[in-house]
Amino acid sequence: MKDGSKVRWTGQSQARIVKVPPGPLVRVEGEPVSIRCDVTQYDGPREQEFDWIMSKEDKRRINIISTMESDFTDAALRSRVASGDITIKRLQDNVVELRVKAVTAQDSGTYWCRTPSTDSVTSGNYEAQVILTVIPKSLKVSPQAPPPVVPEGSDLVLACNVTRDLTHSTYLSVSWSVKKAASPEELLTFGPGEGVTVGVGVAQRFLDGGVRFLPGRNGVFQLVISRAMASDSGVYGCTGTEWTSENRKWVQIVQSVTEMGRVTVTPTDQSLTVKTSSPSSSSLLLYPGDTLTLTCSVAADTLDALALEVGWLADGRELIRMERGGVVSSNSSKGAGLSLERTGAGEYRLKLREVSGADGGRYACRTRAFVKQGGAWLQTADKTSDAVTVKVSEIKPNLTLTLKAALAPTTTDDPAELDCNVSAIAHLPAQSRLAVKWEHAPGDANNPATAHTVASLDAHGNLIPGPVYAERLKGGAVALSRVQPNAFKLRFLQMQDVDSGEYVCTVSSWSVSSQGDATQTSEYKSPPLPVRWVRKNPVVNVAAKTVREASVGGATFEMSCKAFPENLDDPGFSVEIQWQDGLGGDNKTIMTLNPDNVMQHGPGTEPNRRDALVLTKSGAAEFRFRLAGVQLSDKGYYWCKVTAFKKQKPGQTWTKVVSSESNKVRIDFQENGLSFSINLHSNSSSVFPMETATMECSLTLSGSSPQTGSVAYEVRWYFSRLRGGGAPVLVGSMSRFGVVSKALRNSSSDVSVERKDADSFLLSIHGTQSSDSGEYQCFVTPWYVSAATGAWTEAGELTSSRLFLTVRFAVWDSLKLPLLYGAAASLVVGLLSVLLGLLFARCCRNGGRSGGRNGGVPILFPDKD
């Protein structure tokens, strides 16, 4: 610090250290030089002062420059210091750098860095020295000018001569770069040492061998770019650098950058030419059966370096192609009649044998050029030659058609076969093909309808069905075939009424081109052939009858429908159950059953009634309809609508033939409702205490038979202590949903209410007491589903007769246990008394005898008498 304050720069017991580079330093004349000096482990101000001094062979020291004294510099160097050629730069408080802009040979010598002492105790070193050797500038870079224009795919060689005078141990490196835009791109650097550094842009090409370094003799180095591409165009430069090794590190001491010149890589597309020609022996006007020969000539500046892919186009569509490796692939149906071969360098020949009229068109040769970069092929050009026109002169073929019925139908459902034969064929080329189209005009001779296509076979043999017959053709009921090259057949497995009419076959000749395209050359139509028969119209009659009559609401109604077909073989039937409220009313469909026995409910069916409806097939042509639990809303007329169907072939879809309706069957009844009666009884009207008393409340109903689950009851049990009077008390109840409720009781006995069966209910009193004696009565409210409305309806309340229950008091049963216990206790006490008396008597007798013998007072007992 310049304020004079004293600080300890490092820890105590350490000595000052002044350091400069280890050296010796080798620099080139005219190049800048920087020598660093730093001091550590010192006392005193943080900012230290430095002096630079040099000495030569005569050991005389020359002051160069100082950070503290402005007049420190020697007179011989003052001009250079004043001009700024020699400067001292403080980098930190304890670090400075001596800088020389252009070093000279006279600057060689030993350089001393000295620091004045600021320590309280002199310790360590206060100066350090390094040797600087200045050598002459002998680096020379002499590149060879590259060719200004290089064809794409050829090799680009960049040669550069880098030398220097070997006066000291220095090393060289050579670098190549290319400038394509604003900044140059590094390609490759060799040295210093033996290492090679590759730029990012060419790293992969270097690994693949596309960029190579070749060291030569006498300082000549070469960079070879194999198979140059258009993207390699630019201004190339060569850089030579001289290095020295200091402290195991490379230090650049001089460098020379030289521009080699601009290189333009010409794209293959600019030099590639493709031409199509025909040999003199061949003419571009051909006749059917001739051979077409065309030659494709390919030329380029670097043809040997290119891999070619050649293809022939006909009217823009590729016929055949030869890959880079020589593999030929064809897209034509000509097979061996079409070939492509390589006859020489850049020469490719196309041959098309036995041409037809369809082979005429514009032919061109398309060529793609590729260059291999590393392991991949890169396309560099794609060119197509001018097209040449090939004409094939043809004479229109002449055909004669004969249409006849090989198998004529006599009635509906009979099979039929129609033959269309082609004869008197003239001027039909060998490669031509025939196609056929069958047409049908329904109706009779006096009133024909518009003809429509049955089906056709095209020139390739593909079946094209007409819209009317598509389904029958798909199922095989109608078949179209080519029995011979000039004979066609149309088959019907079963003729339908709609098949009656006139038939026409149309035969056309087609010429197939080398690429598989077919061109029509002629067309001939046969005279119409009438195919008709005497029709027998199919008829179906339907009869309906009542199997089970519904006379009351809730009953089951059952109806049978039977179909009687005529002029129908193996028909299938569908049935619809129709309903009408009254004569002249609207019709509703209740249920349907299709020929595959799939049942569906109609729009006239209420969703909650569907479980009561049944429709089944009971015979080959008979059906049964059942309606359970009829209601007033079901009254009306019922009948069947039966539709007959046929299948042309097993597995095909059904075809509707005829429909008919049956006679009508009526449902009519009166709703009288239900009547109920009630009875209360018990197996025993007298019980003892703690026993169980059971009473049964039974109901009987009369009227129309209800369906299961259509009747329910609410049951309540009442009790009165007085016979024939007194207010009854509710004992328990059961709702019509089966929910049981019991009233609060003061007695220790318990009651239960249960349902025995659909019309019987039980009341049980468990552990009876005397307080349970009295009259019991059952009250029931019936609920039933009304046949007229289908809703739950409450009937009038029913009251049973009274049943008196007596709980008897058993005197003997209540006293027998206490008497038995008392008698047993008395007997036990008596026996104990007798036993004790005997014991005492014996003890007294024995005591008297003993007293006489011992001189005691005798005890006298009276005699028995």
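Starting afresh in each chain, residues are numbered from 1 along the sequence in its written order. In view of the model being predicted, local features appear only for residues whose pLDDT reaches at least 70, and side-chain atom pairs are presented and counted only at 80 or more, with totals across whole chains, interfaces and linings using the full set of residues. To get the side-chain values, take all heavy atoms of the structure and skip hydrogens and water.

Draft legend 1. Just the pattern of salt bridges, in detail. Criterion for a salt bridge: a side-chain nitrogen of Lys or Arg within 4 Å of a carboxyl oxygen of Asp or Glu. Summed over the entire model, instances satisfying the criterion amount to 31 salt bridges. The residue Arg-61 makes a salt bridge to Glu-127 at a minimum N-O spacing of 3.7 Å. Placement of Arg-61 in strand 7 (residues 61–66) and of Glu-127 in strand 11 (residues 127–135) is noted, with a sequence separation of 66 residues between them. Taking relative accessible area as the criterion, Arg-61 reaches 37% and is therefore assigned partly exposed. Strands are runs of DSSP state E lasting at least two residues, helices are runs of H or I lasting at least four, and both sets are numbered from the N terminus onward. Only protein chains enter the area calculation, which uses a 1.4 Å probe; residues under 20% of their type maximum are buried, those over 50% are exposed, and those in between are partly exposed.

Draft legend 2. Seen up close, the pairing of strand 11. The pairing criterion is simple: DSSP has to find at least two bridges between the two strands. When strand 3 (residues 25–28) meets strand 11, the two strands line up parallel, connected through 4 bridges. Residue pairing across strands places Arg-27 opposite Val-134, the latter belonging to strand 11. The sheet contact formed by strand 10 (residues 109–114) and strand 11 spans 6 bridges and is antiparallel. Residue Gly-109 lies in a different strand from strand 11, and its bridge partner there is Leu-132.

Draft legend 3. Looking closely at the packing of aromatic side chains. Here a pair means two rings of Phe, Tyr or Trp (six-membered ring of Trp) with centres within 6.5 Å. Their orientation is stacked below 30 degrees between planes, edge-to-face above 60, and tilted elsewhere. One pass over the structure, following the stated rule, counts 13 aromatic pairs. For the ring pair Phe-190 and Phe-221, a centre distance of 5.9 Å and an interplane angle of 40 degrees mean the geometry is tilted. Taken together, the residues Phe-190 in strand 16 (residues 184–190) and Phe-221 in strand 19 (residues 220–225) connect sequence positions 31 residues apart. A relative accessible area of 14% means that Phe-190 is categorised as buried. Taking the relative accessible area as the measure of exposure, Phe-221 reaches 15% and is therefore buried. Here the aromatic residues Trp-176, Phe-190, Phe-213 and Phe-221 are joined through ring pairs into a cluster of three or more. In this analysis the charged atom, NZ for Lys or CZ for Arg, is taken to sit over a ring once it is within 6 Å of the ring centre and within 35 degrees of the ring normal. Over the face of the ring belonging to Trp-112 we find Arg-61, whose NZ or CZ atom lies 3.9 Å from the ring centre. Across the ring face of Trp-639, the terminal group of Lys-664 is positioned such that the distance to the ring centre comes to 4.4 Å.

Draft legend 4. Structural detail: the sheet that holds strand 7. Spatial strand order, 3-11-10-6-7: 5 strands in an open sheet with mixed pairing. In the strand order of this sheet, the two ends are held by strand 3 and strand 7, each with one partner. Adjacent strand axes in the sheet meet at a mean angle of 30 degrees, parallel and antiparallel pairs treated alike. Orientation is described by axes fitted as lines to C-alpha atoms, over the contacting stretch for helices, and by angles from 0 to 180 degrees between their N-to-C directions.

Draft legend 5. Spotlight on the sheet that holds strand 2 (residues 17–19). Strands sit in the order 2-4-9-8 across an open sheet of 4 strands; the sheet is antiparallel. Edge positions in the open sheet fall to strand 2 and strand 8 (86–92), since each of these has one partner strand only. If you compare each strand with its neighbour and ignore which way they point, the axes differ by 20 degrees on average. Here 3 bridges tie strand 2 to strand 4 (residues 33–40), and the two strands are oriented antiparallel to one another.

Draft legend 6. Examining the nonpolar core more closely. The definition of a nonpolar core used throughout is a set of buried Ala, Val, Leu, Ile, Met, Phe, Trp, Tyr and Cys residues joined through side-chain atoms within 4.5 Å. Ranked by size, the top nonpolar core spans 32 residues in total, and within it Phe-557, Met-559, Ile-577, Phe-625 and Tyr-638 carry the most contacts. At the level of elements, strand 43 (539–548), strand 44 (557–566), strand 45 (572–580), strand 46 (587–593), strand 48 (613–619), strand 49 (622–627), strand 50 (636–646) and strand 52 (665–667) are the ones that each hand at least two residues to this core. Between two residues, a contact is recorded if the distance between any of their heavy atoms is within 4.5 Å. Residues contacting Met-559, with those up to four places away along its chain left out, are Ala-544, Lys-545, Val-547, Ile-577, Phe-623, Arg-624, Phe-625, Tyr-638, Trp-639, Cys-640 and Val-665. One finds Leu-272, Cys-296, Leu-350 and Ala-369 within the second-largest nonpolar core, a separate group that totals 31 residues.

Draft legend 7. Structural detail: unusual backbone geometry. Across the junction of Gly-191 and Pro-192, the peptide omega takes the value -5 degrees, indicating a cis bond. The phi dihedral of Met-690 is positive, around 75 degrees, even though this residue is not glycine. When its relative accessible area of 58% is taken as the criterion, Met-690 is described as exposed.

Draft legend 8. Looking closely at the UniProt feature "transmembrane region" (unreviewed entry) in the chain. Taken from the UniProt record, the annotation "transmembrane region" (unreviewed entry) applies to residues 819–841. What you have in residues 819–841 is 100% helix and 0% strand, and the ends, taken at the C-alpha atoms, are 34 Å apart. UniProt positions are given in the numbering used here, feature names are shortened, and annotations may be inferred rather than shown by experiment.

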